[in-house]
Amino acid sequence: MKKTLVLEVDSQEPEIEKIWIAADFIKKGGLVAFPTETVYGLGADALNTRAIVALFEAKKRPLDNPPIVHVGNPKDVYRLVKEVPPKAERLMETFWPGPLTLIFQRSEIVPDVTVAGLDTIAIRMPRHNVALALIRESGCPIAAPSANLAGKPSPTLAKHVLDDLNGRIDAILDAGPTHIGVESTVLDMTVDPPQVLRPGGTPYEVLKKVLGKVELNPIAIAEKALPIEKARSPGVKHKHYAPNADVIVVEGEVSAITRKVKVLTEFYMQKGYIVGVLATDETVEHYKAGVVKSLGSRSDFTVIAKNLFRLLREFDLEGVDVIIAEGIPAEGLGLAVMNRLRKASGYNIVKASGH
Ligand code: TXA
Ligand code: MG
């Protein structure tokens, strides 16, 4: 056990003395959790093999699932990769800093552990002043997976990071809740047309407007577990985003969903389970039984994305055994939300229809 230092910082204008303390840990090969615009990341010097090994250990993350490398400036990409395709350059200009991770062929200076032995590397420039200050003051690219124990929902509050990693990391920069709430979109630029490996904060529809042609990897839109060989992104074969409670996702038209959620809630309550209902503002009044929480309005997926991981964690703290979650349309940010919910459920999806 280490003592984890909590450094509260202003999210817009972080106090430089606190950033220096955090950067010092990174320079010495330590581990620092920090906010990005998507979720909190657990950072280590991307070019320091020992620091990266410690990073995997702290998260209990399988060594075959590489983290995303965060840069403070698009220029920093060039020494980490073999080449930057013109399409990637356009995306970097349009979307960085922001929730878009690009996959490139990696260069020789990147240690094997950082990329889990792959010949490719995932890179993004985050849109958060604390993250950018930490990268700048550390003077190195920072590898940072989401700052949760492997398999758990990603942290959107510093408290979530401490619940999972207190005593396992050197420090955390606490700048309050993260803005987007789901992770970055992972886009493979080593193939043409580029392919979305993980839907996230930059919607597919938005990428399509800029690029014309973009593909969705089958795993990104999967409604059931796919064979591993279809999974181009190494992380996708591991268990993900799962609270301790079992999750069941109910998909379909809103009125059919509401009826089905009620039936399932009653069924599990009769079996003696503590049931959590993950509802939306439009439906929440219909549910009179169980621990009911609303993700937000179906007319604003940005709010739903922001609340998702926090509510999954809250159900766990309240001792819920099974979570019945409403599905939303898999469009815009809704695709990222549904990808996380379906995975959290282990693809335990119920289709609701009829009366
Ligand atoms: O928003 C985010 O992306 C957050 C914040 C902290 O930046 N980070 C994050 O990292 O979600 P992580 O490690 O939890 O997820 C990284 C994803 C995994 O699905 C991993 O498999 C994939 O990126 N990935 C990493 N390197 C890759 C590579 N060379 N090829 C394909 N996928 C890769
Ligand atoms: Mg993660």
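These figures come from a predicted structure and were not determined experimentally.

Cut-offs applied
Residues numbered from 1 in each chain as written. Chains lettered and ligands numbered in written order. Predicted model: local features only at pLDDT ≥ 70, side-chain atom pairs only at ≥ 80, totals over all residues. Heavy atoms only, no water. Axes fitted to C-alpha atoms, helices over the stretch in contact; angles between N-to-C directions. Helix = DSSP H or I, 4+ residues; strand = E, 2+ residues; numbered from the N terminus. Parallel < 35°, antiparallel > 145°, perpendicular 65-115°, else oblique. Left-handed = near helix turned anticlockwise from the far one by under 90°. Contact = heavy atoms within 4.5 Å. Nonpolar A, V, L, I, M, F, W, Y, C, P; charged D, E, K, R; others polar. Buried < 20%, exposed > 50% of the residue type's maximum accessible area, 1.4 Å probe, protein only. Arc of directions from axis to C-beta. Polar contact = N/O pair within 3.5 Å; in protein donor to acceptor, adjacent residues only side chain to side chain. Salt bridge = Lys/Arg side-chain N within 4 Å of Asp/Glu carboxyl O.

## As for the packing of helix α8 (residues 301-317) against helix α9 (residues 333-344)
Okay, so step 1: Contact geometry for α8 and α9: axes closest at 9 Å, N-to-C directions at 25°. Classified by the angle their axes make, α8 and α9 are roughly parallel. Read as a crossing pair, α8 and α9 show a hand that is left-handed. Contact with α8, carried on its side by Phe301, Thr302, Ile304, Ala305, Leu308 and Phe309, involves Leu333, Gly334, Val337, Arg340 and Leu341 of α9 and no other residues of that element.
Okay, so step 2: A class-by-class count of the residues in the contact of α8 with α9 yields eight nonpolar, two polar and one charged.

## Brief notes about helix α2 (residues 49-59)
Okay, so step 1: When α2 is considered as a whole, its buried residues turn out to be Ala51, Ile52, Leu55, Phe56, Ala58 and Lys59. Seen along its axis, α2 keeps its buried residues to an arc of 165°; they face one direction. Facing away from the buried side of α2 by over 90 degrees, the exposed positions are Arg50 and Glu57.
Okay, so step 2: The inward-facing, buried residues of α2 contact β3 (40-45), β7 (142-143) and α5 (158-165).
Okay, so step 3: The distance from a side-chain oxygen at the start of α2 to the backbone nitrogen of Arg50 is 3.0 Å, and the residue carrying that oxygen is Asn48.
Okay, so step 4: Of the residues one or two after α2, Lys60 is the one with positive phi, at around 55°.

## Points about the pattern of salt bridges
Side chains carrying opposite charge are able to pair once their charged atoms draw close together.
Okay, so step 1: Enumeration according to the criterion identifies 17 salt bridges in this entry.
Okay, so step 2: For Asp192, the salt bridge is made with Lys87, and the minimal N-O distance between the two is 2.6 Å. With a gap of 105 residues between them, Asp192 in the loop between β9 (185-188) and β10 (195-198) and Lys87 in helix α3 (residues 86-95) connect regions that are remote in the sequence.
Okay, so step 3: The class of Lys87 is partly exposed, set by a relative accessible area of 27%.
Okay, so step 4: The residue Glu326 makes a salt bridge to Arg298 at a minimum N-O spacing of 2.9 Å. Taken together, the positions of Glu326 in strand β15 (residues 322-326) and Arg298 in the loop between β14 (291-294) and α8 put the pair 28 residues apart, joining distant regions of the chain. Pair check on accessibility: Glu326 and Arg298 agree, each one buried.
Okay, so step 5: In the salt-bridge network here, residues are joined through shared partners; they are Glu223, Glu251, Arg342 and Lys351.

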